[in-house]
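Topology and contacts: notes
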Amino acid sequence: MTDAQKTAADTTLRATGDSPPDPRPAPVPLLEPREGIPPVTATDEALAEVVAAFAAGTGPVAVDAERASGYRYGQRAYLVQLRREGAGSVLVDPVGCPDLSALGEAIGDAEWVLHAATQDLPCLRDIGMVPTRLFDTELAGRLAGFARVGLGAMVENVLGFALEKGHSAVDWSTRPLPEPWLRYAALDVELLVDLRDALEEELTEQGKLEWARQEFAAIAAAPPPPPRKDPWRRTSGMHKVRRRRQMAVVRELWTARDQVAQRRDVSPGKVLGDAAIVEAALSLPPNSHALAGLSGFGHRMGRRQLEQWQAAVDRARALPESELPQPGQPLNGPPPPRAWADKDPVAAARLSAARAAVTALAEELNLPQENLITPDTVRRLCWEPPAEPTRETVAEVLSGHGARPWQIEQVTPILTEALLADAG
């Protein structure tokens, strides 16, 4: 449109009394609690009433939990939110009510609706709440092809409401919990069942509902993960630590920090930062005076603390060579893909073909590659393929690595073709 045309258009609008269309999208209404903010259940008597109400309720149960990551040691729950038709919304304090097994039993075999279930299930299990059936709205969103699958984005895009923001990373171990935090927590389960119903409809239309059900069943049936081996190796900045003696310093400092954090019930990062541990490992300070000069061990650290950390360094310095940690972790499976070209060029070619096929199929099905089949499963198949790659033998390998039936059905043809193309 020319300037003259714009002027003429504006004149016409003024003459007719109309206004130019507003290019901005209409504001999304902010979600409000339907029954107000429920009181926090923190006594056995109040919990008994909640148990009775949820036992009498009907339909799926929306469940959420808040932790104090970054503030407290471990991943325990400090607030549990639930909502069910006929029972309304409740907020339960697991500090005042540490055993919620009666509530879990009251829900019985009803479907639990969670968002990012694998994040909350461990802390819920610790207080006696274990679902037999579940619906994960985040995973459902991934399978349905949504680009943004955070709870706020899903509620806004699917249901047209905006959730309050700003309290997800607060210290939920705070007591009493401020009212704005409780409001935020209650709203997290307000529309969770509505979101579940809308996503079920979407998955049905896309022909993916059975896929989702298989994924949900796998999550519900999964045992607790085993303790991580050598967790100190996951210290941020560990890639800078090359020598075994330095690795021993990281191990000793990490272990000492973990013991202090557990005793004080604070996040390990608040006791001593990862960067400070790595700095000490690289420097190997001979005494606490030298340690005090390193970043992370500054002037605000007391003498006793410095001596405590220096003692850990000294223990590592005194270890015989035979007791020093080995570089890297023992491999459970194939080597890193970057090493395949040198170790086994044929396997590297198999992996390249398989990855390309998975990428193309994932785009065609409109879902993330890692949800179609895990990258680790593809690597293991390509590193040690069956002697005779057929659809039957490939499907057997995939099943052995934990792939669900729907995944096996979708990827077996393309992965078999990739293996056969390489063999030819």
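Values in this document were obtained by computation on a predicted structure and should not be read as measured data. (Residues numbered from 1 in each chain as written. Predicted model: local features only at pLDDT ≥ 70, side-chain atom pairs only at ≥ 80, totals over all residues. Heavy atoms only, no water.)

Let's shift gears to the overall build of the protein chain. Each helix and strand counted, the protein chain has 20 helices and six strands in total. Scaling as 2.2 N^0.38, a compact globule of 424 residues should have a C-alpha radius of gyration of about 22 Å, whereas the protein chain reaches 28 Å, well beyond that. Once the C-alpha set of the protein chain is aligned to its principal axes, its extents read approximately 85 × 65 × 65 Å. Here the analysis covers contacts within the protein chain between residues at least 6 apart in sequence; of these, 66% occur between residues at least 24 apart. Only carbon and sulfur atoms are counted for the fraction: they give 51% of the accessible area of the protein chain, which is about 22400 Å². The centroid of the 46 positive side-chain charges in the protein chain is displaced by 11 Å from the centroid of its 58 negative side-chain charges. (Helix = DSSP H or I, 4+ residues; strand = E, 2+ residues; numbered from the N terminus. Rg over C-alpha atoms; globule rule 2.2 N^0.38 Å. Contact = heavy atoms within 4.5 Å. Areas by Shrake-Rupley, 256 points an atom, 1.4 Å probe, with all protein chains shown as cover. Lys, Arg positive; Asp, Glu negative; His and termini not counted. Charge placed at Lys NZ, Arg CZ, Asp CG, Glu CD.)

When pLDDT is averaged across the protein chain, the result is 91; 92% of the residues are at 70 or more. Per-residue pLDDT stays below 50 along residues 1-21; that stretch engages in four contacts with residues further than four places along the chain or on separate chains. (pLDDT = per-residue confidence, 0-100.)

Turning our attention to the pairing of strand S4 (residues 88-92). Regular strands place their side chains on alternate faces of the sheet. Most of S4 sits inside the fold, with five of its five residues counted as buried. Summarising the sheet, strand S1 (residues 40-41) and S4 pair through two bridges and their orientation is parallel. Bridge pairing in S4 links Thr41 to Val92. Counted between consecutive antiparallel strands, the loop separating strand S3 (residues 77-85) from S4 contains two residues, among which Gly86 sits at a positive phi close to 90 degrees. (Buried < 20%, exposed > 50% of the residue type's maximum accessible area, 1.4 Å probe, protein only. Pairing = 2+ DSSP bridges.)

Here the focus is the environment of Thr137. Position of Thr137 relative to the elements: it lies in helix H5 (residues 137-143). If sequence neighbours within four positions are ignored, Thr137 has contacts with Val113, Leu114, His115, Met154, Leu192, Leu195, Arg196 and Leu199.

A word on helix H19 (residues 391-400). Of the residues making up H19, those classed as buried are Val394, Ala395 and Leu398. The arc that holds the buried residues of H19, viewed along the axis, is 100 degrees, so those residues lie on one side. Turned more than 90 degrees off the buried face of H19, the exposed positions are Glu392, Glu396 and Gly400. With its phi angle positive at about 95 degrees, Gly402 sits one or two positions after the end of H19. (Arc of directions from axis to C-beta.)

This paragraph deals with the environment of Val189. As for its position among the elements, Val189 is in helix H7 (residues 179-190). C-alpha of Val189 to C-alpha of Leu82: the two residues are 107 residues apart in sequence and 6.4 Å apart in space. Residue contacts for Val189: discarding those within four places in its chain leaves Ala62, Val63, Asp64, Gln81, Leu82, Arg83 and Ser89.

What the rule picks out here adds up to five aromatic pairs. Aromatic pair Trp340 and Trp383: ring centres 4.8 Å apart, planes at 50 degrees, arrangement tilted. Here Trp340 is found in helix H15 (residues 340-343), whereas its partner Trp383 is found in helix H18 (residues 375-383), with 43 residues between them in sequence. One aromatic cluster is present, formed by Trp172, Trp181 and Tyr184 through successive ring pairs. The ring of Tyr78 has Arg76 lying over it, and the distance from NZ or CZ to the ring centre is 4.8 Å. (Phe/Tyr/Trp six-rings, centres within 6.5 Å; stacked < 30°, edge-to-face > 60°. Lys NZ or Arg CZ within 6 Å of the ring centre and 35° of its normal.)

Take the sheet that holds S4 next. Taken in spatial order, the six strands make up an open sheet running S1-S4-S3-S2-S5-S6, and their pairing is mixed. Taken across any chain shown, the strands that pair with only one partner, and hence form the sheet edges, are S1 and strand S6 (133-136). Running over the sheet, helix H2 (residues 44-56) touches S1, strand S2 (58-67), S3 and S4 and is turned about 145 degrees from S4. (Axes fitted to C-alpha atoms, helices over the stretch in contact; angles between N-to-C directions.)

Moving on: the side chain of Arg257. Counting through the fold element by element, Arg257 comes out in helix H10 (residues 244-264). Look past the residues within four positions of Arg257 in its chain and what remains in contact with it is Pro268, Val271, Leu272, Gly273, Asp274, Ile277 and Trp309.

A few words on the side chain of Ser89. Mapped onto the elements, Ser89 comes out in strand S4. For Ser89, the side chain forms a polar contact with the side chain of Arg83, separated by 2.6 Å. Residues within four places of Ser89 in sequence aside, it is in contact with Glu35, Pro38, Leu82, Arg83, Val189 and Glu190. (Polar contact = N/O pair within 3.5 Å; in protein donor to acceptor, adjacent residues only side chain to side chain.)

Attention shifts here to the pairing of strand S5 (residues 111-114). The alternating pattern of S5 places Glu111 and Val113 on one face and Trp112 and Leu114 on the opposite face, and all of these are buried. Where S2 and S5 come together, two bridges link them in parallel fashion. Across the sheet, residue Ala62 finds its bridge partner in S5, namely Val113. Pairing of S5 with S6, which is carried by four bridges, proceeds in the parallel orientation. From the neighbouring strand, Trp112 faces S6, where its bridge partner is Leu134. Handedness of the crossover joining S5 and S6 through helix H4 (residues 117-126) is recorded here as right-handed. (Right-handed = clockwise from strand over helix to strand, strands pointing away.)

Here we come to the pattern of salt bridges. Per the counting criterion, the structure on display carries 17 salt bridges. The salt bridge partner of Asp120 is Arg67, with a shortest N-O separation of 2.6 Å. With Asp120 in helix H4 and Arg67 in strand S2, this residue pair connects regions lying 53 residues apart in the sequence. Classification of Arg67 as buried rests on a relative accessible area of 17%. Between Arg196 and Asp197 there is a salt bridge whose closest N-O contact spans 3.1 Å. Arg196 gets classed as buried once you look at its relative accessible area, which sits at 9%. Linked by salt bridges that have partners in common, Glu111, Arg196, Asp197 and Glu200 make up one network. (Salt bridge = Lys/Arg side-chain N within 4 Å of Asp/Glu carboxyl O.)

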